[in-house]
Amino acid sequence: MLLLAFAATAASGPGQAQSQPIPVWYDLQTQGDIAYLLRKSPAQIMRYDLATRQWLAPIPLAEIPSAFVVTGSHLFVASGRKVERMTLTGGGLTHVQNTASDIISLHVDGALLFVNATSDYYARVMSVNIGTLQRIDEIENYIDSLHGASISTSANRLFGRSQGVSPSDITYVEYDNTGNFVAGGASPYHGDYPGASKTWTFPDGDRVVDDSGTVYHANDLTYANSLARSLDDLAFHGSDIPIGLDDDMLVAYSNTLLETGRHTLQRAARDIVVRGANVFAFHEDASQATKVGVEIVPLAALTPNEPGQPISPLGLAYSVDDAAIDGDGVIYLLSKAHHSVFRWDMTTQTYLGSIALPEAASIIEYAPALDRLYVGAASRTIYRVDLANAGSTAVPHVVTPQSVDTLIAMDNDLLALNNGSWEDQWLYGPSGALLLTPLGCCYDRYHFYDDARNLLYVGGSRRSYLGNGVLGAPEDNNYYFNGEFIALSHNGQLLVDGNGLIYSSATFETIDALSNDIVRAHWNAQGVLFTVREPEYVGSGWEPEYASPTTIQKWSPYYAVERSLVVEGAYEDMFVRGNRAVLITSVDGMPSFSVLDAAFGIVAPAVLQPPVLRLDRASLTAVALAWSDVSGENGYVVERQRGGGAWSQVGVAGANELGHMDRAIDDVGTFRYRVRARNGAQSSAWSNVVEVELEGLGNVGVAPLTVDVRADDAVLAEDGRLFLLSRQHETLFVWSTPHQRWDASIGLQGAPSSMAYSPRNAAVYLQYANGSVGVVSLAADAPVEGAFPFETAESGCGIAVAGEYLVVCAVHPDGYYSQFISIDAAGRAIERVDSGDALHAPAWSASSGRLYYLERVSNPAYIAWHAIAEDGSFEAHGGDYVGGVQAPLRVSPGGDAMVTGNGDVYATSGFERVGTLPSGVVDATWRGAELLTLADERVLSHPDFSSEVERVWLDDLGQRIFVSRSGQLIVLTEIDGIRTSVQRYDAALQPVPEPVLSDGFE
């Protein structure tokens, strides 16, 4: 027997509750070059001059403050339930208003003061006229409380977070220009995104961010983006470049909300301010007379982008929310998330300059008669963009009385409507003058306008348009039609709907049919019909997404499929000009353009543009790359350079595949990547180079011969190395079973709560109580722990490996439920599903593709499973309550049987008990078809599920049992509860002799 120097982990009881330290200041606001800090003890407002970098004399307060706000001429300070006004130097104290509950924040919009007295579940807000100090209005909302509030003066909304309810949500209170409250509510998601407690608005007021890093549109609280990290504070460089604070880390973002740089502060900060070319980070410092320290960081250290620049779509992941095409073949792509219209030329197959929008918008329409774009926003503002004008800027055109979801250009005029409503239709002239409202009744659907024949198709009829708001009488050709036409033929004689039915536009009678359902259709000038076959849907809810790939079709005059092409990506849109079609799909979140000729071949441009390469994610085991789509390509080549060595090919990608994962990472170091597009013999220039620095966390492991430690968990790698986790020493000890010697220990960032091994990724993953995950690449010559790039604000509740994927259990911040998250080797989250309790005793079955686990460990326990698809998504889920089940769970190689810790054996197909082993099970494994279990001091073999044969008698209590690839049995035992030993047995289960060293000792 070979004794290893392991010691027991010292037991520790639960810690005593610790009181929270009292902050030196509670809020920080700026006005001009002065930063004001609200302090409660002593009661005062501290002042810091950002220009001179000096502290000014504080303003003493008579009572303990609870909130304040600064204007250009006054300070408004709340104490408990009252608000007072004073000058910026503390004079002229004037009473303003009282409230029924304690005030938690104050906000200003011009001549309006908003007093937020939110309490528990209730949002309570009062509006006050700053000039007269008179109360204007009050609002109270139950559930949608307003904690951590901020204000958008452009959207006329206060934002906050609800508290005390599950799930929590981002909330709002809306007011009009007179200060009267209009409405209140929450986002449409109700817990789909992480919980939070504080909000900030962008300087232009069009987006709001909470401290989970989630970004929402201010006008409707729909999801806009994510900053991919939690925040302690947020400031802005200009109006569109966010600078985030996360503990001691400053992070700069682009105007597309992608990280561009970061800087580590000397100590953790509480608040940040951006002024000029610097970031001022305020932190608590007991050594200072003010108890507040200020660290000044040049913006250049964060390498931020210049503010106010148009957003470039090159290399940008964005969704096409709506699209239109003009007569020159320029496609206009509306991105709600980026407040932009991107322009793509189908002739040159390149992007043109972007058109910035004042706010998020969701509908777009092109008016050929005026060469004008119309863009509709949730604020009910319709913007116009006159494309013939230099600069092509968006200016307000009209504000509709109600929200609209459809815009239809009718010659020189514009029809705006809420489709399917009774009378929400407004027809405007080219200058924005209202010409007619309503246009009809009866909840009709408005389909489209035929410019050539001046006909508006509505419901099952059509109406002629005479101009200047005058419509002809409806032609009630098919009164009972309640479907939706999606295209009109080139000559105006035929209509087609989503079911593929062909109608006469004169009689609205069905005259033919296509052989499949469609989502898009266009006739070209020669009368050839192009369609996009209806894809399958994935996901659930109100807006399921189209699945990939997408099929475009070309039909004969007799409606037979003449050409068909399957294109990678989920369907976005399709346009036809002449004999060419442009299909837009989404691949890895990026729009991809396929220009097809009459034979449905992919048309290559004169010059293939180089892709724009970016790093998606990187861990010590894999690097995930993504790049922009190159129109006309049919594949990509990826090369890598390590250090200063030569470039070598590490991957290829097919047509419209916009990413690659490099798994051939065998050590830490610097890796550089580049990619180029190709189409046959034609290749683009190489892309930009992306550099990745892979390094460990720098933790030093404990030398194995200097301590006694007990192994808390262990995994056996395929190369025979045994990795033994010691939480006490925050170390992974490494024992080489083939050589029977120690390898270098691996220092950890803390004491992991769980550990998992992935043979596919050659990695050990470690989860910590705060939800963070570390990774150790076993392919490296000197393995170290590195930070796994997956980040979660939730606490961890288990980790498991499912083939090449990692499954992480994370407890939701409100503590009421957990989620399982599947993650790829580079750290990219693939899917989240709600779960019950936790991920106890996980057991992966590669043969069945199922992950088994105990969802709850009470009696009866709940044995559950998730099927994991090849792409890492969660498929089927099942389970059952079973009495008396204990960990561990071990699944047979064939995936048909499961052994539990209490000795019961179940069929995995329905959790029917098929046997009970005579002894309890500490651990179990299979050696070929032979089931071996560890029971106290014995290793047992089981000819069937009800009998046992003693094979090995151990000197000490068993802990774990493994079978190596060579068939040897490796057993961990526990000596006196403080040390662990490793024993090896050959194929005949005879002890393998320990090596004799040169000095004669074992």
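Everything quoted here is computed from the prediction, not taken from an experiment.

Peer 1: I'm lost on the domain arrangement of the chain in this one. Help?
Peer 2: Put simply, an interface is often sized by how much accessible area is lost when its parts join up. By the assigned domains, the chain splits into domain 1 (27–231), domain 2 (232–304), domain 3 (482–538 + 545–603), domain 4 (613–693) and domain 5 (713–918). Centre-to-centre, using C-alpha coordinates, domain 4 lies 31 Å away from domain 5. Each partner contributes to the interface: domain 4 provides 15 residues, whereas domain 5 provides 23 residues. Interface area, domain 4 with domain 5, both sides summed: about 1300 Å², of which 54% is carbon and sulfur. For domain 4, the biggest contributors to the area lost against domain 5 are Arg617, Leu620 and Arg663; these three give 41% of the whole. Taken together, domain 4 and domain 5 are joined by two salt bridges. Residue Asp616 is joined to Arg828 by a salt bridge in which the shortest nitrogen-to-oxygen separation is 2.5 Å. Taken together, domain 4 and domain 5 are joined by seven residue pairs in polar contact (both at pLDDT 80 or more).

Peer 1: Can you help me understand the environment of Val532 in this one?
Peer 2: For Val532, the location among the structural elements is in strand S51 (residues 529–533). Every residue in contact with Val532, bar those within four places of it in the chain, is listed here: Ile518, Val519, Arg520, Thr550, Thr551, Ile552, Tyr571, Met574 and Leu583.

Peer 1: So what exactly am I meant to see when it comes to the packing of aromatic side chains here?
Peer 2: The geometry of an aromatic ring pair comes down to the distance between the two centres and the angle between the two planes. Scanning all chains against the criterion turns up 26 aromatic pairs. Their ring planes at 55° and their centres at 5.7 Å tell us that Phe448 and Tyr457 sit as a pair that is tilted. Across this residue pair, the class does not change: Phe448 and Tyr457 are buried. Measuring from ring centre to ring centre gives 5.0 Å for Phe820 and Tyr853, while their planes differ by 70°; the resulting arrangement is edge-to-face. With Phe820 in strand S77 (residues 818–823) and Tyr853 in strand S80 (residues 850–856), this residue pair connects regions lying 33 residues apart in the sequence. Comparing Phe820 with Tyr853, the two get one shared label, buried. In textbook terms, an aromatic cluster arises when at least three aromatic residues are bridged by ring pairs, as seen for Phe448, Tyr457, Phe485, Tyr503 and Phe508.

Peer 1: Just checking my understanding: could you explain the state of the cysteines for this structure?
Peer 2: In a disulfide, the sulfur atoms of two cysteines are held together by a covalent bond. In total, this model carries one disulfide according to the counting rule given. A sulfur-sulfur distance of 1.9 Å marks the disulfide that ties Cys797 to Cys809. Looking down the S-S bond of the Cys797 and Cys809 bridge, the torsion is -85°, so its handedness is left-handed. Residue Cys797 is found in strand S75 (residues 795–802), and its partner Cys809 is found in strand S76 (residues 805–811); the two are separated by 12 residues along the sequence. Note on Cys797: relative accessible area 14%, which makes it buried. Look at Cys809 and you get buried, because its relative accessible area is 0%.

Peer 1: Looking at this structure, how should I read the UniProt feature "domain: Fibronectin type-III" (unreviewed entry) in the chain?
Peer 2: Following the UniProt record, one finds the feature "domain: Fibronectin type-III" (unreviewed entry) at residues 609–697. Secondary structure across residues 609–697 divides into 0% helix and 54% strand, with the first and last C-alpha atoms of the span separated by 39 Å.

Calculation rules
Residues numbered from 1 in each chain as written. Predicted model: local features only at pLDDT ≥ 70, side-chain atom pairs only at ≥ 80, totals over all residues. Heavy atoms only, no water. Domains from an automatic or database assignment. Contact = heavy atoms within 4.5 Å. Buried area = accessible area lost by both parts, 1.4 Å probe. Salt bridge = Lys/Arg side-chain N within 4 Å of Asp/Glu carboxyl O. Polar contact = N/O pair within 3.5 Å; in protein donor to acceptor, adjacent residues only side chain to side chain. Helix = DSSP H or I, 4+ residues; strand = E, 2+ residues; numbered from the N terminus. Phe/Tyr/Trp six-rings, centres within 6.5 Å; stacked < 30°, edge-to-face > 60°. Buried < 20%, exposed > 50% of the residue type's maximum accessible area, 1.4 Å probe, protein only. Disulfide = S-S within 2.5 Å. UniProt positions renumbered as here; feature names shortened; annotations may be inferred.

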